[in-house]
Amino acid sequence: MTQNIQGPSHLPAQVQHSALLQLLTNSLILCHTTPYLSCYDVLNLGATSRAFRYLVHHTPQVFRRLELATVKAAQFDIDAIDHGGQTWRNVRVDESLTEDDFYSGPLRGIFSNLRRHDILRDVQVLSLDGLSVTAELIHDILIDPSYAVRILSIRDVRNLNERKLRASLKYACRESRATGTPKLKGLYVFGPKDVAPGLLSTKPTVPPTAGVALTWNNKSQKALTADLVDEPEAWYARRGQQFPRRISSEWAATLIDCDGVIAFDAVLCTGPRHLNSPAWGTVSIEALDAASDPASRSVPHYGVATHSLGGCASCGAAPEGWTVWGEDRFAAARDACERRTSNSSSSDIGRFPLLAPPPMHSSNLKAAMCPTGQSIKSRLSSLSSTKQEKARFIPRCFDCIRDRYCASCCRWWCENCYLGPWASGLGGRGGATDTEADLVSNQPSHTPGVSRSQDLPIQGNGDYTCCGRASCQTGHLFVKTRNSGFLRDISARG
């Protein structure tokens, strides 16, 4: 419900005579406008007059979302101190200055000023993307009670020691932690930082003599802008690889330690090879290892999902099932009044990934995880009478889709339908047949659950596979030879 700041009668006299102040006195308009302004602009607005200062500094939700990537004072444009013995001449470094003080100095100075003006306690969504952030600074945000950050974004930051960060997260989520801690509930750390719309529309200055180069640069800029603006939503709409870089396997243990406490922009892989999978024990791991590439046989007990998949190209499902927004994983965990228990309520933290960008007008964790077009109250959407298309995906790590995933068309084959390229004599989908050569056409099959030869994958270059469909734009024909578990390209023959 919309509320006025202390009521119009308690505001200074200037407020009564200013149309802008009268408009911003409406807390709903003020709190939905300030997230689109930088912190620098909001502070300048408060410095214009006493009335604006009163309005800005006495409305807690004005600084609920703070993005420092565009603040000049937060930039760290100095290289490392030691360049192979070269003397660092930019700044005289005090002997007592630690590495953390040096690299996190700009941000700590900003936080000190915000704390002095009683602004830091109101910040609930904090974005530090692309800045110089140390693990010690993140530790302070987790532990220091002066911070009230609920959602933190540290994507593409510099000078971050991930090993120390994982240790801080493990300590903050320990079982013996104090009640109500940590305040942080969501952490963006794996994905790329968001591209500001203003940066996409800027035109670079090019000499007038570069006519041809300028033309092609403008075309490339327009194409890049269109791709970034029209990019599908991660996980639920965009299939395939979700992150531009590999994620260390050590992060899987951190996600387990933080399960139910802190959500990330990635989730654990639910493949049947992992202990956390609902399908653990339903698929023969020995048969998969015998039929898989030697590089994919040493799958860790837990893994971070890096790919979002649809249903299997053959059966349309997966052994572990789908991750569906609005579906209760612990349907039986209810009390006598059919209400979800506390354990069931916290299951969403760790099961659903945080979606970029961080929410603009809320610090609610479900608002950061909710897919576009879905209800934040996921349990009500599942019980709604109106038929709404469910947002769902299958999270998998790279090790679980090796030799069974096509990087071109994002089709894949589950463990129930295809054991692997070395499944000769195992009776699996990848096993050899008695036919000398089975030609595989590149006409797709639209009948889920029907085993047809054109749905069989092939072994690729060790990292990816190619199914040979027309949608892959390969135009190749493949042959499956006797006593081999993979298909061989014969399209080069006359």
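For the structure, see preceding data.
Conventions and cut-offs
Residues numbered from 1 in each chain as written. Predicted model: local features only at pLDDT ≥ 70, side-chain atom pairs only at ≥ 80, totals over all residues. Heavy atoms only, no water. Helix = DSSP H or I, 4+ residues; strand = E, 2+ residues; numbered from the N terminus. Contact = heavy atoms within 4.5 Å. Areas by Shrake-Rupley, 256 points an atom, 1.4 Å probe, with all protein chains shown as cover. Phe/Tyr/Trp six-rings, centres within 6.5 Å; stacked < 30°, edge-to-face > 60°. Buried < 20%, exposed > 50% of the residue type's maximum accessible area, 1.4 Å probe, protein only. Lys NZ or Arg CZ within 6 Å of the ring centre and 35° of its normal. Polar contact = N/O pair within 3.5 Å; in protein donor to acceptor, adjacent residues only side chain to side chain.

Draft legend 1. Representation of the overall build of the chain. Regarding its fold elements, the chain presents 17 helices and 12 strands. In the chain, of all internal contacts separated by at least 6 residues, the share reaching a separation of at least 24 is 74%. Total accessible area on the chain stands at roughly 26100 Å², and carbon and sulfur atoms take up 52% of it.

Draft legend 2. Region of interest: the packing of aromatic side chains. A complete count under the given rule lists 12 aromatic pairs for this structure. Ring geometry for F111 against Y147: centres 5.7 Å apart, planes inclined by 85°, an arrangement best described as edge-to-face. Taken as a pair, F111 in helix 7 (residues 105-116) and Y147 in the loop between helix 8 (135-143) and strand 3 (151-153) lie far apart in primary sequence, 36 residues in all. By relative accessible area, which is 1% here, F111 ends up buried. On the basis of relative accessible area, Y147 is assigned to the buried category, the value being 4%. Taking NZ or CZ as reference, R166 lies 5.4 Å from the ring centre of W251, over its face. Its end group placed over the ring of W322, R392 keeps NZ or CZ at 3.8 Å from the ring centre.

Draft legend 3. Quick peek at the side chain of H274. One can find H274 in the loop between strand 6 (263-264) and helix 13 (285-291). Taking the relative accessible area as the measure of exposure, H274 reaches 0% and is therefore buried. A polar atom in the side chain of H274 sits 3.1 Å from the backbone oxygen of P300. With residues near it in sequence (within four places) discarded, H274 still touches C269, W280, V299, P300, H301, Y302, G303, C397 and C400.

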